[in-house]
Amino acid sequence: MKLLNEDTRRKLRELNLDEMIEAIEQQSKDIAYSTMNFEDRMKMAIDYLYQSKYNSKVKRLIRMSKFRIPNAACTDIYYIDRGLDKEKLLALSSCQYIDTNSCIVFHGFTGSGKSYLACAMGKQACMQGIRTRYIRVPDLLMLRDEASLKEQGITKLLKKFSNYTVLILDECLMYELAPEEQYFLYELIERRHDSSSTIFCTQYKVEDWHERLGGNVHADAMMDRIVHNTVWVFAGNTNMRKFYGKQPES
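What counts and what doesn't
- Residues numbered from 1 in each chain as written.
- Predicted model: local features only at pLDDT ≥ 70, side-chain atom pairs only at ≥ 80, totals over all residues.
- Heavy atoms only, no water.
- Salt bridge = Lys/Arg side-chain N within 4 Å of Asp/Glu carboxyl O.
- Helix = DSSP H or I, 4+ residues; strand = E, 2+ residues; numbered from the N terminus.
- Phe/Tyr/Trp six-rings, centres within 6.5 Å; stacked < 30°, edge-to-face > 60°.
- Buried < 20%, exposed > 50% of the residue type's maximum accessible area, 1.4 Å probe, protein only.
- Lys NZ or Arg CZ within 6 Å of the ring centre and 35° of its normal.
- Axes fitted to C-alpha atoms, helices over the stretch in contact; angles between N-to-C directions.
- Parallel < 35°, antiparallel > 145°, perpendicular 65-115°, else oblique.
- Left-handed = near helix turned anticlockwise from the far one by under 90°.
- Contact = heavy atoms within 4.5 Å.
- Nonpolar A, V, L, I, M, F, W, Y, C, P; charged D, E, K, R; others polar.
- Pairing = 2+ DSSP bridges.
- Right-handed = clockwise from strand over helix to strand, strands pointing away.

Here we take up the pattern of salt bridges. Summed over the entire model, instances satisfying the criterion amount to 10 salt bridges. Among the ionic pairs, Lys53 bridges to Glu19, the shortest N-O distance being 3.4 Å. With Lys53 in helix H3 (residues 38–65) and Glu19 in helix H2 (residues 18–29), the pair connects residues that are 34 residues apart, well separated along the chain. With its nearest N and O atoms 3.2 Å apart, the salt bridge here joins Arg144 to Asp145. Linked by salt bridges that have partners in common, Arg68, Arg136, Asp139, Asp170 and Glu171 make up one network.

Structure representation (structure tokens):
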């Protein structure tokens, strides 16, 4: 028995409420719902609608974030004999650092799992409905070069990456920066300072950052904006690429 006529279905689709149609159709096919009162059935239909909309939003945010490791998850972080600060990572997974516009720096050697940790935190933000973006710094600087060829291109690029609530900058400080690249990163960090959260992944400790950023006034300004409201997380002593490469297939 159809509980919704075609006109009602059309109106729900126009309101982008296809999930409500699905919920009501499921109820019409299950005899258990026939003994329930209207209020309870409506509540269950709305719960179904809410969960479906939430799941779709999270999937969309994760897809648009362009994570390097899309299946990274805080619940899957490997801790045994790795030297990770589990208490600190669990606290960060609550995403409270975003409320205070704090930053995170994951630092450690190549293969230690910095990108995984960053993507896991970014995915956690997506699950809370927070707009997030991942990008390697070399790729971001390539976009800067392309944007420099267009009128107002760099301004538009800065605006785009300034507007993400969480921005993950992977492979930071790997290469020597040209003066125009230093200025671009300074502008980006300045625009995001105290208004959003940035997650950095780097091989370098804090004492090496100033020189890697150019050792000039722009480096001074960037360090001033990064260091004081940032959680520093050591990525651990284990080469995770080698570790997972040795694991037997399941």
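The final tally for this structure, using the stated rule, is five aromatic pairs. Centroid distance Tyr183 to Tyr186: 6.3 Å. Interplanar angle 40°. Geometry classified as tilted. One end of the pair is Tyr183 and the other is Tyr186, both in helix H9 (residues 179–192) and three residues apart, which spans about a single turn. Judged by relative accessible area, which is 16%, Tyr186 ranks as buried. For the pair Phe200 and Trp209, a centre-to-centre distance of 5.7 Å together with 75° between the ring planes defines the contact as edge-to-face. With relative accessibility at 4%, the residue Phe200 sits in the buried group. On the basis of relative accessible area, Trp209 is assigned to the buried category, the value being 2%. Through successive ring pairs, a cluster of aromatic residues spans Phe200, Trp209 and Trp232. Positioned above the aromatic ring of Tyr79 is the side chain of Lys86, whose terminal nitrogen or guanidinium carbon lies 5.1 Å from the ring centre.

Where H9 meets helix H11 (residues 217–227), the axes come as close as 10 Å, and the angle between the chain directions of the two elements is 30°. With respect to their mutual orientation, H9 and H11 come out roughly parallel. Crossing geometry of H9 relative to H11 is assigned as left-handed. Contact with H9, carried on its side by Gln182, Tyr183, Leu185, Tyr186, Ile189 and Glu190, involves His218, Ala221, Met222, Arg225 and Ile226 of H11 and no other residues of that element. The class makeup of the residues in the contact of H9 with H11 is seven nonpolar, two polar and two charged.

Counted residue by residue, strand S3 (residues 166–172) has seven buried out of seven residues, so it is predominantly covered. Of the pairings in the sheet, the one linking strand S2 (residues 132–136) to S3 comprises five bridges and is parallel in character. Bridged to Thr132 within S3 is Val166. With five bridges joining them, S3 and strand S4 (residues 197–202) adopt parallel strand pairing. Considered in S4, the bridge of Leu169 is made with Phe200. Each parallel crossover has a hand, and the one from S3 via H9 to S4 is right-handed.

Attention now goes to the environment of Gly83. For Gly83, the location among the structural elements is in the loop between H3 and helix H4 (86–92). According to the relative accessible area criterion, Gly83 is partly exposed, its value standing at 48%. Setting aside residues up to four positions removed in sequence, Gly83 forms contacts with Phe234, Gly236 and Asn237.

Below, the discussion takes up the pairing of strand S1 (residues 103–107). With five of its five residues buried, S1 lies for the most part within the structure. Both faces of S1 are covered, namely the face carrying Cys103, Val105 and His107 and the face carrying Ile104 and Phe106. Looking at chain direction, S1 and strand S5 (residues 230–234) are connected through five bridges and run parallel. The residue of S5 that forms the bridge with Val105 is Trp232.

Function cannot be inferred from these measures alone, as they are strictly geometric.
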